[in-house]
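Structure at a glance
Listed below, chain by chain, are the residues.
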Amino acid sequence: MFYNSGFLIMKKIILLILAVAGLSPALFSQNKETKEQRLEWFKNAKLGIFMHWGVYSVNGTVESWPLKNKQMTWEDYFKQAKGFTAANYNPSEWAELFRKAGARYVVLTSKHHDGFALWPTKYSKLNCVDYSPAKRDLIGPYAEAMRKEGLKVGLYFSLIDWSHPDYPVNFKRPVKELKKLYPQPNWQKKHLNAHERFIKFLFGQMDEIANNYKPDLLWFDGGWEHDAEWWRAGELKDSLLKWDPHIIVNGRLRDHGDYRTPEQGIPVTRPGGIWELCMTTNDNWGYRPSDTNYKPLAQIIRTFVEVISEGGNLLLDIGPKADGTLDKKQVEILEGLGKWINKHKEAVYDTKAGLLPGHFYGPTLISKDDKTLYLAIYGIPKNYIGLKGLKSKIKDIRVVGTDEHLGWVRNGGAVWSRIPGIVRINVPGKENIDKYVTVIAVDLKEPLKVYRGAGNN
Ligand code: GLC
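Bear in mind that the values here come from a model prediction, so they are computed numbers and not experimental data.

A grouping of Lys391, Lys393, Arg418, Lys445 and Lys449 is seen on the molecular surface, where their side chains present a positively charged patch. With respect to the secondary-structure elements, Lys393 resides in the loop between β11 (385-387) and β12 (394-399). Overall, Lys393 belongs to the exposed group, its relative accessible area being 53%.

Next up, the structure:
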């Protein structure tokens, strides 16, 4: 009897342990998001604003690269820090402008390749508090202001640090001074080699960034100087996800990124998966008053439409001046883009990548419910607007952002081979042709179905 009840109690305890053990992975996995879930907001973001801001904004030099390219000595390059005042730093103004521009996220350079940090990192004195008259944290208020306007917070972070005394470089540096700027505990000097010390430093700064500012997105750069193993990229990604399970990471953490990051060149074929094109408004990332080669608004809007029609986001770059204000031209571009997006917002935010080539001469977008097809038109159409291979029945055709509805006819095709005829849409009234890109909405009676065959013979 005694043996029996003891046995039963034991059995119950064992079963309980097994149940808890069995449950705990499920409990854990509730916190862990899949990559798809983490990227959900990003997939629908469409427009982000990129900001390159650092000591290079002072004299309008190129960001960081004059060091590597031996165009400036380290000393001369960093003399610029004396002018980095951030005197008119007002991130709420930035945030308001970016929201009006139609952006859903912002990415600010927390540290570029030169190593100058925009937050008071305890791992180096080469930061805006200790090494410039700005004397204040520039990341915290930025993150807060962006969040207030409903924008996701991104931070650019250069893996490369060309000022870190343990980081291998190809140019001459004042090593003694750098050792003072990047203080290291004695035990590290004694027991670790240069690479190990640099990795400690890298992980230390990442810890500060991830835990103090909780960015939604970390935008790495510079990974190309070493392989994933050298950067401890896998470990770094694991740490970031541990610190913040929602965080997403761009494609420059070697093979540990979450999405692709083409730069400047608009892809001609659709990149697979989730992606973002980063592009400058003129020819430079940071503020360079000598560079007046701004892209016309028409080009920026077309590029935006082309990027989203291929399923990507556009990360459009501007460079604030050293005092934190923005160049008039850059503001004008963002306001112009915002005006266009606002007029056409139904075609921008509630859509996904459009039709493959062959159906329409121009970019297209498809509503998330597959019930509306958007056709982007650059010029003034002649005769009719043609759409090929549309199988679904049409309910209505509208000019987005106006009250105009357009008539259409369907003609031709080969019914016996199930090849739909061409849809000929009437041309909109001249007053409804947009100055930049006109968008026609084709509302469907049923979810979009298209013919993609090669005809019959
Ligand atoms: C390049 C450059 C860098 C710039 C970045 C933005 O990788 O090295 O200066 O910040 O592109 O995408």
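Having seen it, we continue.
One broad trend across soluble globular proteins is that nonpolar side chains are buried collectively. One finds Phe98, Tyr142, Leu202, Leu218 and Phe220 to be the most contacted residues of the largest nonpolar core, which totals 99 residues. Looking at this core, the element that brings in the most residues is helix α11 (residues 194-213), giving 9 residues. Here this core spans two domains, and each of domain 1 (35-343) and domain 2 (352-444) adds at least three residues to it. When neighbours within four sequence positions are excluded, Leu218 is seen to be in contact with Leu155, Phe157, Met206, Ile209, Leu240, Ile247, Ile248, Val249 and Asn250. Formed by 19 residues, the second largest nonpolar core is a distinct cluster that contains Ile377, Ile385, Leu390 and Val423.

Moving on, we get to the layout of surface pockets. Counted as a void, the largest pocket has a volume near 360 Å³. Residue lining of the largest pocket: 17 residues in total, with Glu310, Leu355, Pro357, Gly362 and Pro363 positioned closest to the centre. Grouping the amino acids of the lining of the largest pocket by side-chain chemistry returns 8 nonpolar, 6 polar and 3 charged.

Quick look at the pattern of salt bridges now. Any two side chains of opposite charge can pair, given that their charged atoms come close. Tallied over the entire structure, the rule returns 19 salt bridges. Notably, a salt bridge pairs Glu40 with Lys43, separated by 3.4 Å at the nearest N-O pair. You can see Glu40 and its partner Lys43 sitting in helix α3 (residues 40-43), 3 residues apart, about one turn around the helix. Exposure remark for Glu40: the relative accessible area of 39% places this residue in the partly exposed category. When its relative accessible area of 32% is taken as the criterion, Lys43 is described as partly exposed. A salt bridge links Lys68 to Glu225; the shortest N-O distance between them is 2.7 Å. Separated by 157 residues along the polypeptide, Lys68 in helix α5 (residues 65-68) and Glu225 in the loop between β4 (217-221) and α12 (228-231) bring together distant segments of the chain. Look at Lys68 and you get partly exposed, because its relative accessible area is 27%. Several salt bridges share partner residues, and in doing so they unite Glu36, Glu40 and Lys43 into one network.

Here we take up empty space enclosed by the protein. Tallied over the full model, the rule gives 2 cavities of 30 Å³ or more. There is about 40 Å³ of room inside the largest cavity. Only α14 (297-309) and α16 (345-348) provide two or more residues apiece to the lining of the largest cavity. The residue makeup of the lining of the largest cavity, split by class, is 8 nonpolar, no polar and no charged.

Taken N-terminus to C-terminus, the directions of helix α7 (residues 91-101) and helix α15 (residues 328-343) make an angle of 40 degrees; their axes are 7 Å apart at the nearest point. Comparing the axis directions of α7 and α15 gives the class oblique. Residue-level contacts link Leu97, Phe98, Lys100 and Ala101 of α7 to Val331, Leu334, Glu335, Leu337, Gly338 and Ile341 of α15.

The residue Asp443 is located in strand β15 (residues 438-444) in this model. Sequence separation between Asp443 and Tyr131 is 312 residues; the distance between their C-alpha atoms is 58 Å. Setting aside its immediate chain neighbours within four residues, Asp443 contacts Lys371, Thr372, Ile394, Lys395, Asp396 and Arg398. A polar atom in the side chain of Asp443 sits 2.7 Å from the side chain of Arg398.

Our next topic: the pairing of strand β6 (residues 275-280). With respect to burial, β6 is a largely interior element, 6 of its 6 residues being buried. On β6, burial covers both faces: Trp275, Leu277 and Met279 on one face and Glu276, Cys278 and Thr280 on the other are all buried. Two strands pair when backbone bridges link them, and β6 and strand β7 (residues 312-318) are joined in this way by 6 bridges, in the parallel orientation. Bridge assignment links Trp275 to a residue of β7, and that residue is Gly312. In this region the chain leaves β6, passes through α14 and returns to the parallel neighbour β7; the handedness of that crossover is right-handed.

Parameters and conventions
Numbering of residues starts from 1 in every chain and runs along the sequence as written. Only residues with pLDDT of at least 70 are given local features in this predicted model, and only at 80 or more are side-chain atom pairs given and counted; all residues enter the totals for whole chains, interfaces and linings. Derived side-chain values reflect all non-hydrogen atoms in the structure, with water molecules and hydrogen atoms excluded from consideration. Candidate patch residues must exceed 30% relative accessible area and have no salt bridge, after which like charges are joined if within 9 Å and Val, Leu, Ile, Met, Phe, Trp or Tyr side chains if within 5 Å. A 1.4 Å probe and the Shrake-Rupley method give the accessible areas. Residues count as covered only by the protein chains that appear here. By definition, a salt bridge exists where a carboxyl oxygen of Asp or Glu is found within 4 Å of a side-chain nitrogen of Lys or Arg. The positive count covers Lys and Arg only, the negative count covers Asp and Glu only, and His and the chain ends enter neither. For the purpose of locating charges, the reference atoms are NZ of Lys, CZ of Arg, CG of Asp and CD of Glu. Segments assigned H or I by DSSP are reported as helices when at least four residues long, segments assigned E as strands when at least two residues long, and all are numbered from the N terminus. The buried label goes to any residue with under 20% of its type's maximum accessible area, the exposed label to any with over 50%, and the partly exposed label to all in between, with areas taken from a 1.4 Å probe on protein chains only. To qualify as a nonpolar core, a set must consist of buried Ala, Val, Leu, Ile, Met, Phe, Trp, Tyr and Cys residues joined through side-chain atoms within 4.5 Å. Note that the domain bounds reflect an automated or database-derived domain assignment. Contacts are assigned to residue pairs with any non-hydrogen atoms lying within 4.5 Å of each other. Put plainly, a pocket is an open set of points on a 1 Å grid over the protein atoms alone with protein on both sides within 12 Å along at least five of seven lines, a cavity is a set where a 1.4 Å probe fits but cannot get out, and a lining residue has an atom within 4 Å of a point. Grid points are joined across faces, edges and corners, and a volume is the space filled by probe spheres set on the points. Three residue categories are used. Nonpolar comprises Ala, Val, Leu, Ile, Met, Phe, Trp, Tyr, Cys and Pro, charged comprises Asp, Glu, Lys and Arg, and polar comprises the others, including Gly. A fitted line through C-alpha atoms represents every axis, and for helices the fit uses only the stretch in contact; the resulting angles, taken between N-to-C directions, go from 0 to 180 degrees. Small angles under 35 degrees read as roughly parallel and large ones over 145 as roughly antiparallel, with 65 to 115 read as roughly perpendicular and the rest as oblique. Residues adjacent in sequence count toward polar contacts only when both atoms are side-chain atoms; beyond that, a polar contact is any pair of N or O atoms within 3.5 Å, and within protein one must be able to donate a hydrogen and the other to accept it. Each pair of strands is called paired provided DSSP finds at least two bridges between the two strands. Viewed with both strands pointing away, a crossover whose connecting path from the first strand over the helix to the second turns clockwise is right-handed.

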